[in-house]
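Each chain, written out:
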Amino acid sequence: MSGHDSKYFSTTKKGEIPELKEELNSQYKDKRKDAVKKVIAAMTVGKDVSSLFTDVVNCMQTENLELKKLVYLYLINYAKSQPDLAILAVNTFVKDSQDPNPLIRALAVRTMGCIRVDKITEYLCDPLQRCLKDDDPYVRKTAAICVAKLYDINAELVEDRGFLESLKDLISDNNPMVVANAVAALAEIQENSNRPIFEITSHTLSKLLTALNECTEWGQVFILDALSRYKAADAREAENIVERVTPRLQHANCAVVLSAVKMILQQMELITSTDVVRNLCKKMAPPLVTLLSAEPEIQYVALRNINLIVQRRPTILAHEIKVFFCKYNDPIYVKMEKLEIMIKLASDRNIDQVLLEFKEYATEVDVDFVRKAVRAIGRCAIKLDRAAERCISVLLELIKIKVNYVVQEAIIVIKDIFRRYPNTYESIIATLCESLDTLDEPEAKASMIWIIGEYAERIDNADELLESFLESFPEEPAQVQLQLLTATVKLFLKKPTEGPQQMIQVVLNNATVETDNPDLRDRAYIYWRLLSTDPESAKDVVLAEKPVISDDSNQLDPSLLDELLANIATLSSVYHKPPEAFVTRVKTTNQRTEDDEYAEGSEAGYSESSAPVADGAASPSSSSGSVPYAGARQPGPAPTQPAPAAPVPDLLGDLIGLDNSAIVPTDQPATPAGPPLPVLLPESTGQGLQISAQLTRRDDQIFYSLLFENNSQVALDGFMIQFNKNTFGVAAAGPLQVPQLQPGTSARTLLPMVIFQNMSQGPPSSLLQVAVKNNQQPVWYFNDKILLHVFFTEEGRMERASFLETWRSLPDSNEVSKDFPGAVISTVEATLDLLTASNMFFIARRKHANQDVFYFSAKLPQGTPFLIELTTVVGNPGVKCAIKTPNPDMAPIFFESIDTLLRA
Amino acid sequence: MISQFFVLSQRGDNIVFRDYRGEVQKGSAEIFFRKVKFWKEDGEGDAPPVFNVDGVNYFHVKVAGLLFAATTRANVSPSFVLELLQRIARVIKDYLGVLNEDSLRKNFVLVYELLDEVIDFGYVQTTSTEVLKSYVFNEPLVVDASRMPPLGPAAIFRQGTKRMPGTAITKSVVANEPGGRKREEIFVDVIEKISVTFSSSGYILTSEIDGTIQMKSYLTGNPEIRVALNEDLSIGQGGRSIHDYSSSFGAGTVTLDDCNFHESVRLDSFDIDRTLTMIPPDGEFSVMNYRITQEFKPPFRINTLVEEAGLLKAEVIIKVRAEFPSSVSANTILVQMPLPAYTIRASFELEPGTVGNTTDFKEANKRLEWGLKKARMLSSILSELHCRYRNILKEAGPVSMTFTISMYNASKLQVKYLQIVKKTKTDNPYRWVRYITQANSYVARNVPINGSGVSTSKLNFEVPTMLKFLLLEVKSPYFLFLILRTTTGQKALIMGVKLSSSELLGE
């Protein structure tokens with residue numbers, strides 16, 4: 001077998017553990033070392049070798065550092081799960097911490113700090129105390145970090161034992177590595193503490209600035225970042241600091257350069273001399289540019305930072321725009337950032353060059369990049385008025401290429417250019433109109449329509465152009481509908497001729513009656529009223545002069561910019577978000593999970609990743625308050641709830657919130673035991689949950705009567721219900737009240753309903769689509785049938801005279817009839833009672849040959865009357881039903897309903 | 001500070017995983033990989049090197065086909081972490097000689113030992129191979145490097161010249177040679193990556209050199225090294241804009257825009273005699289990085305001509321002219337050009353007598369690829385494209401080129417001498433100074449087919465204007481092409497009335 005470490009992975013046959021045990025207790029050193037390596041190998045692939053704890057710990061007492069390190073590695077991993085056995089190691093740790101070899105001393109302290117077991121921590125304090133004062137710098141620097149570890153486990157202990165003071169002493173250490181670690185540890189402790197612990201005085205400042213020159217590159221970053229919190233007293237001190245920091249700009253490590261830039265920028269705020277500031281800007285430019293020669297990953301970070309820096313101090317890189325030109329092989333994330341900076345640095349002096357670049361980018365392959373390049377041209381036009389004309393001619397050239405997404409993007413930016421420079425470039429409208437048919441993206445369409453409306457008086461065939469869009473009005477997205485509405489109104493006000501007048505009728509009708517978008521409807525009503533009351537003032541409002549826009553599409557809010565600049569060279573400056581927005585680091589002392597630190601096999605690790613530890617602590621606010629159905633949930637500690645089996649769509653929550661605003665009844669009717677309800681969700685479909693339901697009418701109110709039967713293995717809770725849009729706008733009037741359902745139990749409920757809430761368009765239909773969810777299962781969808789008679793109201797009763805009059809007043813075309821060959825009216829009385837109970841009121845009865853003809857009246861809540869004629873031979877099957885109503889579309893639904901009633 | 005460090009293979013397998021603080025959940029590597037793999041729905045487009053998922057910040061760099069990644073919850077310095085990841089990769093390479101999945105797996109105990117010394121509780125302790133040597137005890141097990149694909153720019157020397165030992169670049173810094181004693185040698189590589197953008201008329205729009213002087217020392221006893229550069233080297237001072245570049249061309253004055261140095265470099269005498277003094281640490285490191293935007297002579301010039309050759313046909317002619325001495329050899333030259341999406345097929349015609357060239361039309365991404373084994377004074381290729389639609393010429397290009405030229409550097413920056421200040425004169429160590437020039441972004445933009453050089457109104461020209469226009473263009477390097485155009489153009493001129501004038505311009 002070859003001498004590779006990988007051989008340690010190869011013994012996977014049964015009986016491995018006893019075999020290893022034997023080898024670990026071998027009398028030969030080499031054999032023991034090999035055995036420990038095998039144990040570690042097993043550990044890294046996620047096997048449980050914790051049962052060998054005692055045997056491995058026995059190998060700990062060795063002078064062989066290689067072996068000792070391996071044992072320590074094992075200990076860090078398993079001490080937590082074997083706290084009682086871990087105590088076995090304490091003696092050796094303590095002994096090691098006094099070993100003559102500094103590496104062993106440091107190793108002992110370093111490892112003890114990583115073992116989060118109380119018994120070990122207790123014994124850590126004394127060795128740590130000694131090591132902080134050790135002669136060897138390697139030991140001291142390890143001890144410094146160990147204080148931060150201990151603070152994370154037990155902050156009080158650190159403060160009680162005076163470790164903070166020892167740590168502060170280390171700032172004056174003569175070894176720069178020790179200083180750097182002490183600074184890093186103090187900075188972390190400060191971050192997690194509310195008390196001032198690590199304050200930088202002018203004394204520490206000068207000490208740290210001296211250490212800066214001697215430190216390793218990483219230490220320099222620790223120190224620079226800590227010093228960036230220091231506020232200089234005056235301009236002179238600031239200049240002094242800057243002078244000491246400036247040489248760091250020459251460092252090959254990008255992190256050092258950026259941290260130095262941050263420090264200099266901060267002190268510059270205090271420096272009053274413009275000469276000094278100018279000089280500093282000059283000094284910072286080359287190193288910043290050099291960052292763009294680094295790996296693309298670093299370039300990206302540098303570009304995000306430069307983006308912020310040039311917003312505050314545009315002069316720094318004003319002459320360097322060429323370095324931001326995109327390279328052919330830049331990754332897309334670098335190209336996008338370069339574009340942003342090019343726009344920021346574009347000026348009258350360099351705009352020709354910049355435009356040439358943008359134009360080139362606009363023909364590249366990556367669609368997102370191309371779009372952004374086109375948009376960039378538009379933004380330059382808005383930013384630089386002297387270059388606007390050149391920008392526009394480039395955009396026109398691009399439009400001529402006729403690449404679809406280029407054209408659409410160009411039209412969007414040209415709309416903005418028109419807003420920026422009114423009455424200047426309208427001559428190009430004709431060219432734009434040529435591309436009209438190719439537009440298929442909402443934003444581009446909306447932009448084009450806006451242009452047509454705004455310049456309707458200059459476009460001869462504006463009405464034709466708009467009309468072509470109107471045909472598809474109902475299908476357009478809201479953005480386009482709104483623009484179409486406004487543009488048509490503008491057209492009408494500018495050219496109040498017949499054509500536009502008809503168009504406006506169509507649009508207003510569409511936008512008020514046919515839509516369920518409240519924005520569109522409200523806007524349409526406003527226009528309607530304006531136009532009908534006073535067309536002149538309508539003109540003043542709609543055609544008012546618009547404020548000229550400026551390029552603010554990418555300017556950050558000044559206070560945010562200040563905060564981000566203070567966070568240059570941190571993640572905050574890459575995300576362009578303040579640290580609070582994404583930093584979720586929390587004290588994890590109590591939440592730490594069992595760690596095997598060397599998990600190599602990901603399959604072992606991943607299943608635990610959804611443990612709510614991090615998430616729950618990370619966003620405590622997100623689950624409270626805003627969720628409308630929070631009240632319907634079973635109370636209980638959230639983190640212990642099992643995770644839902646499938647993600648729950650937001651749809652339910654949102655729409656229920658809407659329904660809540662229309663709560664009608666407050667008293668919850670008692671749940672009565674009624675006739676069996678039709679099963680709508682059989683248990684075979686519902687993973688053991690069966691739902692039966694029906695719409696019913698009680699005490700002149702509509703309810704949805706539901707029966708839930710839980711035949712699954714788990715308790716179900718958190719039931720919610722939602723109804724899809726339907727012809728009658730049936731919706732829940734309140735939340736569904738179903739208690740937790742234990743396996744094998746059932747619950748009945750009456751859900752109060754409202755109608756005309758969320759009505760669907762199209763021909764009337766009896767279909768009612770229902771969604772029910774709970775906390776344990778996926779959302780269930782099922783269909784129910786709306787029985788028209790539940791809507792019939794008490795007001796449906798009619799006098800004979802008015803019945804006759806209504807009958808006559810309705811044309812014969814409104815009469816619809818249907819045969820029900822299977823239905824029987826066996827006794828007249830029972831049928832009359834049945835129908836009266838459903839608010840179908842008996843009017844008259846007459847004989848026609850051997851048949852009986854019955855007349856009834858009923859009324860829907862909106863006031864639509866139904867005049868009903870039933871013809872049958874009593875006792876024999878076969879009923880003919882004819883109805884006359886102003887709304888004959890409803891007839892099929894009515895027949896469904898009567899059929900159900902007669903069969904009941 | 002960082003929370004976790006891990007190395008993933010291209011397929012997303014965990015090769016190394018170390019958790020330093022236990023504050024990020026363990027599935028992070030998988031969450032990370034999925035995010036990177038499917039950054040955009042279509043799987044195209046690279047994920048940015050820094051992103052945040054559910055409060056965890058992920059950093060990554062790609063090194064030798066492996067993903068080196070780190071996580072944290074704190075607002076750390078991203079350049080710090082990214083630089084650290086690069087540095088860890090370099091330390092591991094120093095130790096293992098070769099950096100790949102196989103070598104990492106074979107040396108996992110050593111890698112974990114290294115990681116424990118490099119980072120403690122998420123804080124970087126050191127990334128210097130030199131320093132680490134005193135704390136790390138495992139011996140590297142070197143994998144056979146001969147079958148490995150070449151890595152890094154200096155790798156071209158491996159197969160190449162006889163003067164160089166074959167194993168130099170893949171030799172571990174710490175492992176002993178099989179023969180026992182280590183060979184005393186030091187490598188200094190001047191590596192320049194050049195970026196040039198030629199305008200459609202052949203002028204240089206932008207040019208830039210990103211240079212680095214890399215050192216890898218296998219000397220025992222850490223002797224002091226002196227590296228002398230061009231004496232007339234000047235740095236910054238905004239000299240570039242005032243600079244009369246015709247003088248800088250010939251005279252060999254090298255002006256750096258900016259440069260930075262490794263921390264071991266002492267610059268005491270740099271200002272006087274341009275000498276860098278250092279005691280090099282073990283392992284590979286950059287002595288100096290520099291950046292030049294001063295005009296330089298590009299090693300290759302590229303001319304492209306795209307024209308319609310029939311109803312559904314177009315012709316592409318690419319000419320590459322090598323402008324460096326024939327004694328210097330350029331390797332692995334590849335010329336690429338994106339073709340319109342509706343290109344169906346392409347045929348190629350090389351100059352007679354050309355050998356060792358490859359030509360290909362990559363169907364999948366519609367790209368023309370032309371590989372040259374060796375550069376000649378002038379190479380050219382004619383490609384005939386068959387397209388589905390007519391209106392073709394606007395989506396072709398630009399032409400880009402990749403190449404590596406050894407023992408040549410565009411900047412004329414030179415290592416005048418490399419001195420090893422040794423106390424005892426036992427034997428003379430080998431000293432290697434090598435120059436490598438590589439293309440970074442080497443691009444030639446296409447002829448302005450749809451008249452981008454001419455404003456739209458001028459497209460309505462009459463015959464005399466057209467003549468003027470053509471004459472105007474004669475100045476450009478497309479001279480040959482335009483003369484050719486005028487000769488056929490004669491026809492066009494005569495028939496100018498019949499042919500729409502825009503057709504001549506490719507409209």
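This text gives an overview of the structure that appears in the document. The model shown is predicted, which means the values in this text are computed figures rather than measured ones. (Residues numbered from 1 in each chain as written. Chains lettered and ligands numbered in written order. Predicted model: local features only at pLDDT ≥ 70, side-chain atom pairs only at ≥ 80, totals over all residues. Heavy atoms only, no water.)

Turning to the environment of B:Tyr290, a few remarks are in order. Residues and elements named next belong to chain B. You can see Tyr290 is positioned in strand 16 (residues 283–292). On the accessibility criterion, Tyr290 (2% relative accessible area) is buried. When the C-alpha atoms of Tyr290 and Thr255 are compared, they prove to be 10.0 Å apart, with 35 residues separating the residues in sequence. Each residue touching Tyr290, except ones within four places of it in the same chain, is listed here: Val190, Glu192, Ile209, Asp210, Gly211, Thr212, Ile213, Leu256, Asp258, Cys259, Ser411 and Leu413. Here Glu192 takes part through its side chain, which lies 2.5 Å from a polar atom of the side chain of Tyr290. (Helix = DSSP H or I, 4+ residues; strand = E, 2+ residues; numbered from the N terminus. Buried < 20%, exposed > 50% of the residue type's maximum accessible area, 1.4 Å probe, protein only. Contact = heavy atoms within 4.5 Å. Polar contact = N/O pair within 3.5 Å; in protein donor to acceptor, adjacent residues only side chain to side chain.)

Here the focus is the interface of chain B and chain A. Contacts between the two partners involve 94 residues from chain B and, on the opposite side, 100 residues from chain A. Between chain B and chain A lies a buried interface of about 8,700 Å² when both sides are counted; carbon and sulfur atoms form 54% of it. Taken together, the links from chain B to chain A amount to nine salt bridges. For A:Glu360, the salt bridge identified is with B:Arg445, shortest N-O distance 3.9 Å. Among the elements that make up the side of chain B that touches chain A, the one with the highest residue count is helix 2 (residues 78–96) of chain B (eight residues). (Buried area = accessible area lost by both parts, 1.4 Å probe. Salt bridge = Lys/Arg side-chain N within 4 Å of Asp/Glu carboxyl O.)

With that settled, the discussion passes to the packing of aromatic side chains. Any two aromatic rings considered together are summarised by their centre-to-centre distance and by the angle between their planes. The tally for this structure, following the rule as stated, stands at 43 aromatic pairs over all chains. Residues A:Phe53 and A:Tyr74 carry aromatic rings whose centres are separated by 5.9 Å and whose planes lie at 50° to one another, so their mutual orientation is tilted. Of this pair, A:Phe53 sits in helix 3 (residues 53–58) while A:Tyr74 is found in helix 4 (residues 65–78), placing the two residues 21 residues apart along the sequence. In terms of burial, A:Phe53 and A:Tyr74 fall into one category: buried. Relative to B:Phe80, the ring of A:Phe222 lies with its centre 5.9 Å away and its plane at 40°, an arrangement referred to as tilted. Note that A:Phe222 is positioned in helix 13 (residues 217–227) and B:Phe80 in helix 2, a pairing that runs across two chains. Classification of A:Phe222 by relative accessible area gives buried; the value is 12%. Feature note: the residues B:Phe6, B:Phe17, B:Phe32, B:Trp39, B:Phe51 and B:Tyr58 constitute an aromatic cluster, connected by ring pairs. Lying over the aromatic face of A:Phe369, A:Lys335 brings its terminal NZ or CZ to 5.2 Å of the ring centre. Geometry around B:Phe270 places B:Arg274 over its ring, the cationic atom sitting 4.9 Å from the centre. (Phe/Tyr/Trp six-rings, centres within 6.5 Å; stacked < 30°, edge-to-face > 60°. Lys NZ or Arg CZ within 6 Å of the ring centre and 35° of its normal.)

With that settled, consider the nonpolar core. In terms of nonpolar packing, the biggest core is built from 276 residues, with A:Phe358 and B:Phe68 touching the most fellow members. Judged by nonpolar contacts, the second largest core, of 66 residues, contains B:Cys259, B:Phe285, B:Leu413 and B:Leu418. (Core = buried A, V, L, I, M, F, W, Y, C linked by side-chain atoms within 4.5 Å.)

Residues and elements named next belong to chain A. With respect to the element layout, Leu107 can be found in helix 6 (residues 102–114). Remark: the alpha-carbon pair of Leu107 and Lys69, spanning 38 residues in sequence, is separated by 7.8 Å. Not counting residues within four places of it along the chain, the set of residues in contact with Leu107 comprises Leu65, Lys68, Lys69 and Tyr72.

Here we come to helix 24 (residues 442–454) of chain A. Because each turn of an α-helix spans 3.6 residues, side chains separated by three or four positions end up pointing in the same direction. Residue and element names in this part refer to chain A. Counted at 1.5 Å a residue, the expected span for helix 24 with its 13 residues is 18 Å, and the 18 Å between its end C-alpha atoms agrees. Regarding helix 24, the residues found buried are Ala444, Lys445, Ala446, Ser447, Met448, Ile449, Trp450, Ile451, Ile452, Gly453 and Glu454. Each element contacted by the buried residues of helix 24 is listed here: helix 22 (404–420), helix 23 (429–434), helix 25 (462–470) and helix 26 (478–494). (Expected span 1.5 Å × (residues − 1).)

With that settled, consider helix 4 of chain A. Residue and element names in this part refer to chain A. Relative to the 20 Å expected for 14 residues at 1.5 Å per residue, helix 4 spans 20 Å between its end C-alpha atoms, a close match to the ideal helical length. When you tally the buried positions in helix 4, you get 14 out of 14 residues, the bulk of the element. Measuring from the backbone nitrogen of Glu66 back to the side-chain oxygen at the start of helix 4 gives 2.8 Å, which picks out Asn64 as the cap.

Turning next to the sheet that holds strand 15 (residues 275–278) of chain B. Residue and element names in this part refer to chain B. The strand order 14-15-10-25 describes an open sheet built from four strands, whose pairing is antiparallel. Each end of this open sheet is capped by a strand with a single partner; those strands are strand 14 (265–266) and strand 25 (415–421). Relative to strand 25, strand 10 (residues 224–229) runs antiparallel, the two sharing six bridges. By the bridge assignment for strand 25, Leu229 is matched with Val415. (Pairing = 2+ DSSP bridges.)

All names here are of chain A. Only one face of strand 8 (residues 780–785) is buried: it carries Trp780, Phe782 and Asp784, and the other face, with Tyr781, Asn783 and Lys785, is open. Where strand 7 (residues 767–773) and strand 8 come together, six bridges link them in antiparallel fashion. The partner of Ala771 across the bridge, within strand 8, is Tyr781. As consecutive antiparallel partners, strand 7 and strand 8 are separated by six residues.

It is worth spelling out the sheet that holds strand 8 (residues 185–198) of chain B at this point. Residues and elements named next belong to chain B. One open sheet holds the nine strands; their spatial order is 13-16-9-8-26-24-19-22-21, and the pairing between them is mixed. Of all the strands in the sheet, just strand 13 (258–261) and strand 21 (357–362) have a single pairing partner and so form its edges. Averaged over all adjacent pairs, the angle separating strand axes in this sheet is 15°, with direction ignored. As defined by bridge partners, strand 8 adjoins strand 26 (residues 430–444) across 13 bridges and the pair is classed as parallel. (Axes fitted to C-alpha atoms, helices over the stretch in contact; angles between N-to-C directions.)

Residues and elements named next belong to chain A. A complete count under the given rule lists 67 salt bridges over all chains for this structure. When the shortest N-O distance is used, the salt bridge between Lys21 and Asp55 registers 3.2 Å. You can see Lys21 sitting in helix 1 (residues 16–24) and its partner Asp55 sitting in helix 3, a full 34 residues away along the chain. The salt bridge partner of Glu340 is Arg379, with a shortest N-O separation of 3.5 Å. Of this pair, Glu340 sits in helix 18 (residues 332–345) while Arg379 is found in helix 20 (residues 367–383), placing the two residues 39 residues apart along the sequence.

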